[in-house]
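Analysis of the macromolecular model
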Amino acid sequence: MVLKSAEWRVVIASDSRAPEDVHTELSRGATWGDGVSVVLQQPRSRFRTTDPAVLVATVAAVSSALTALVSGILSRVSAREGQRIVIEFASGARLEVPAGIEPAELNRMLDRITADPQRIRLP
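Note that the structure is a prediction, hence the values are computed from the model and not measured. (Residues numbered from 1 in each chain as written. Predicted model: local features only at pLDDT ≥ 70, side-chain atom pairs only at ≥ 80, totals over all residues. Heavy atoms only, no water.)

Side note on the environment of Leu-106
Looking at the secondary structure, you find Leu-106 in helix 3 (residues 103-112). Given a relative accessible area of 17%, Leu-106 falls into the buried group. (Helix = DSSP H or I, 4+ residues; strand = E, 2+ residues; numbered from the N terminus. Buried < 20%, exposed > 50% of the residue type's maximum accessible area, 1.4 Å probe, protein only.)

Things to note about the confidence of the model for the protein
Looking at the protein as a whole, its pLDDT mean stands at 77, while 81% of the residues score no less than 70. Within the protein, strand 3 (residues 117-121) has the poorest average pLDDT of any element, 71, and helix 2 (residues 52-82) the best, 88. (pLDDT = per-residue confidence, 0-100.)

Remarks on the sheet that holds strand 3
An order of 2-1-3 is seen for the three strands of this open sheet, with the pairing classed as antiparallel. Only two strands of the sheet have a single neighbouring strand rather than two, namely strand 2 (94-98) and strand 3. Direction aside, neighbouring strands of the sheet carry axes that sit 15° apart on average. (Pairing = 2+ DSSP bridges. Axes fitted to C-alpha atoms, helices over the stretch in contact; angles between N-to-C directions.)

Section: the side chain of Glu-88
One can find Glu-88 in strand 1 (residues 84-89). Looking at Glu-88, the relative accessible area reads 15%, which means it is buried. Ignoring any residue separated from it by four or fewer positions in sequence, one finds Glu-88 in contact with Ala-93, Arg-94, Pro-117, Gln-118, Arg-119 and Arg-121. (Contact = heavy atoms within 4.5 Å.)

Section: a nonpolar patch on the surface
The grouping of Val-62, Leu-66, Leu-69, Ile-73 and Val-77 at the surface amounts to a nonpolar patch, some 440 Å² of accessible area in total. Checked against the element boundaries, Leu-66 lands in helix 2. Residue Leu-66 is classed as partly exposed on the basis of its relative accessible area of 48%. (Patch = residues over 30% accessible without salt bridge, like charges linked within 9 Å, V, L, I, M, F, W, Y side chains within 5 Å. Areas by Shrake-Rupley, 256 points an atom, 1.4 Å probe, with all protein chains shown as cover. Salt bridge = Lys/Arg side-chain N within 4 Å of Asp/Glu carboxyl O.)

What about the environment of Ala-115?
Mapped onto the elements, Ala-115 comes out in the loop between helix 3 and strand 3. Placed 22 residues apart in sequence, Ala-115 and Ala-93 show a C-alpha to C-alpha distance of 9.9 Å.

Remarks on the nonpolar core
Core analysis: the largest hydrophobic core is formed by six residues, namely Ile-85, Ile-87, Phe-89, Leu-95, Val-97 and Leu-106. Secondary-structure elements contributing two or more residues to this core are strand 1 and strand 2. Top element by residues in this core is strand 1. It accounts for three residues. Not counting residues within four places of it along the chain, the set of residues in contact with Ile-87 comprises Ala-93, Arg-94, Leu-95, Leu-106, Leu-110, Pro-117, Arg-119 and Ile-120. (Core = buried A, V, L, I, M, F, W, Y, C linked by side-chain atoms within 4.5 Å.)

Considering the pattern of salt bridges
Taken as a whole and assessed by the stated rule, the structure comprises four salt bridges. Close ionic contact of Arg-84 with Glu-96 constitutes a salt bridge, the shortest N to O distance being 3.4 Å. With Arg-84 in strand 1 and Glu-96 in strand 2, this residue pair connects regions lying 12 residues apart in the sequence. Arg-94 is the salt-bridge partner of Glu-96, the closest N and O atoms lying 2.6 Å from each other. Members of the salt-bridge network, linked through shared partners, are Arg-84, Glu-88, Arg-94 and Glu-96.

Below, the structure written as structure tokens:
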């Protein structure tokens, strides 16, 4: 009949010595006798880890939300860049300028034109 040997856990904390040094000194002690061993274990992490499936789902949700946000912003920018202000004159001439033009620049362009506009179409 084989009896299971008792297992003891001893915690040794030191600020001045490395764990490997303490393990080496305790392991080579001949006074322990047969059947005694010293095992060095890494301390458990203080942080809880999450399930990988939850982490993957979270990353997928955030990436899809960011994708929708960026594509929406880019579509609004491209739609705004495509908008133009059209000024038609009685003579049939047309002046088309981007909708994002600076007001001072638009005024400078209109000052050069002698005819009054017949119709102005805004986006």
